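# Residue-level structural notes
In case you want the letters, here they are:
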Amino acid sequence: MKHTLMTLAGVAIALSLTGVARAGGDYVVLSHPEAIDGRTIVADDGRRFRLHAIDAPDLEQQCLGADGAEYSCGEQARTALAGMVDGILTCDLVESDAADGGPVRCQDFAGRDIGSRLISAGWALPDRSIGLDYVWDEMEAEARSRGMWQGRFVLPERWRAGSRL
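An account of the accompanying structure is given in this report. (Residues numbered from 1 in each chain as written. Predicted model: local features only at pLDDT ≥ 70, side-chain atom pairs only at ≥ 80, totals over all residues. Heavy atoms only, no water.)

Applying the stated criterion across every chain, the model contains two aromatic pairs. Taking the centre distance of 6.3 Å and the plane angle of 85° together, the rings of Y71 and W123 count as edge-to-face. Note that Y71 is positioned in strand 7 (residues 70–72) and W123 in the loop between helix 3 (114–120) and strand 10 (125–126), a separation of 52 residues in sequence. Its relative accessible area of 16% is what places Y71 among the buried residues. Both rings, one in W149 and one in F153, keep their centres 4.9 Å apart while their planes meet at 85°; by these two values the pair is edge-to-face. A relative accessible area of 16% means that F153 is categorised as buried. When the ring centre of W159 is taken as reference, the NZ or CZ atom of R164 above it lies at 4.0 Å. (Phe/Tyr/Trp six-rings, centres within 6.5 Å; stacked < 30°, edge-to-face > 60°. Helix = DSSP H or I, 4+ residues; strand = E, 2+ residues; numbered from the N terminus. Buried < 20%, exposed > 50% of the residue type's maximum accessible area, 1.4 Å probe, protein only. Lys NZ or Arg CZ within 6 Å of the ring centre and 35° of its normal.)

Here you go:
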């Protein structure tokens, strides 16, 4: 009962804060969305949203760890995203028609940008075709050998085009 009341209080606070922060703006509030892969989440009602300005390995993508062994970096990226979205998110719609699914920029209850966190952890990369929003986060992950940066990997866009390790 106490947990339920705390959850309801958290939802009420999140909704009131998002109303203040985004008055008149386009956003969605998601409660515990599911991570489909390292860059896509799905709401309870089935709407899919893609995190804006990031790219992550596909589920089938393999990378090499620090020890040279192959591992599923795509699954690791999904697991990392799942841990980061396990709560209430406020997601700004990047495009006006994104309410039915599309690119979003999401923040957790503490106001932390999910794309930034995922890239800083080394499980995603900035999508430079869209902008340079997360380049500093990528540099941090690489410098600290986090996530995929602990070993070797093929850029996700190149992997989808057929390149392999």
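For strand 8 (residues 88–93), the buried fraction is high: six of the six residues fall into the buried class. Residues I88, T90 and D92 point to one face of strand 8 and L89, C91 and L93 to the other, with burial holding for every one of them. Where strand 1 (residues 27–31) and strand 8 come together, five bridges link them in antiparallel fashion. In the strand pairing of strand 8, V28 is matched with C91. Note that strand 8 and strand 9 (residues 102–107) share four bridges and pair antiparallel. Across the sheet, residue C91 finds its bridge partner in strand 9, namely C106. (Pairing = 2+ DSSP bridges.)

With that settled, the discussion passes to the pairing of strand 4 (residues 48–51). Across the two faces of strand 4 the burial differs, with F49 and L51 buried and R48 and R50 not buried at all. Connecting the antiparallel pair strand 3 (residues 40–42) and strand 4 is a turn made up of five residues, with G46 showing a positive phi of about 95°. Note: strand 4 against strand 9, three bridges, orientation parallel. Among the inter-strand pairings, L51 is bridged to a residue of strand 9, identified as V104.

What follows concerns the state of the cysteines. Tallied over the entire structure, the rule returns two disulfides. Between the sulfur atoms of C63 and its disulfide mate C73 the distance is 2.0 Å. With the S-S bond torsion at 65°, the cross-link from C63 to C73 turns out right-handed. Taken as a pair, C63 in strand 6 (residues 62–64) and C73 in helix 2 (residues 73–84) lie far apart in primary sequence, ten residues in all. For the pair C63 and C73, one class covers both residues: buried. The disulfide that involves C91 links it to C106, with 2.1 Å between the sulfurs. Handedness of the C91-C106 disulfide follows from its S-S torsion of about 110°: it is right-handed. Taken together, the positions of C91 in strand 8 and C106 in strand 9 put the pair 15 residues apart, joining distant regions of the chain. Of the two residues examined, C91 and C106, each falls in the buried class. If the cysteines joined by disulfides in the protein are listed in sequence order, their pairing comes out as 1-2, 3-4. (Disulfide = S-S within 2.5 Å.)

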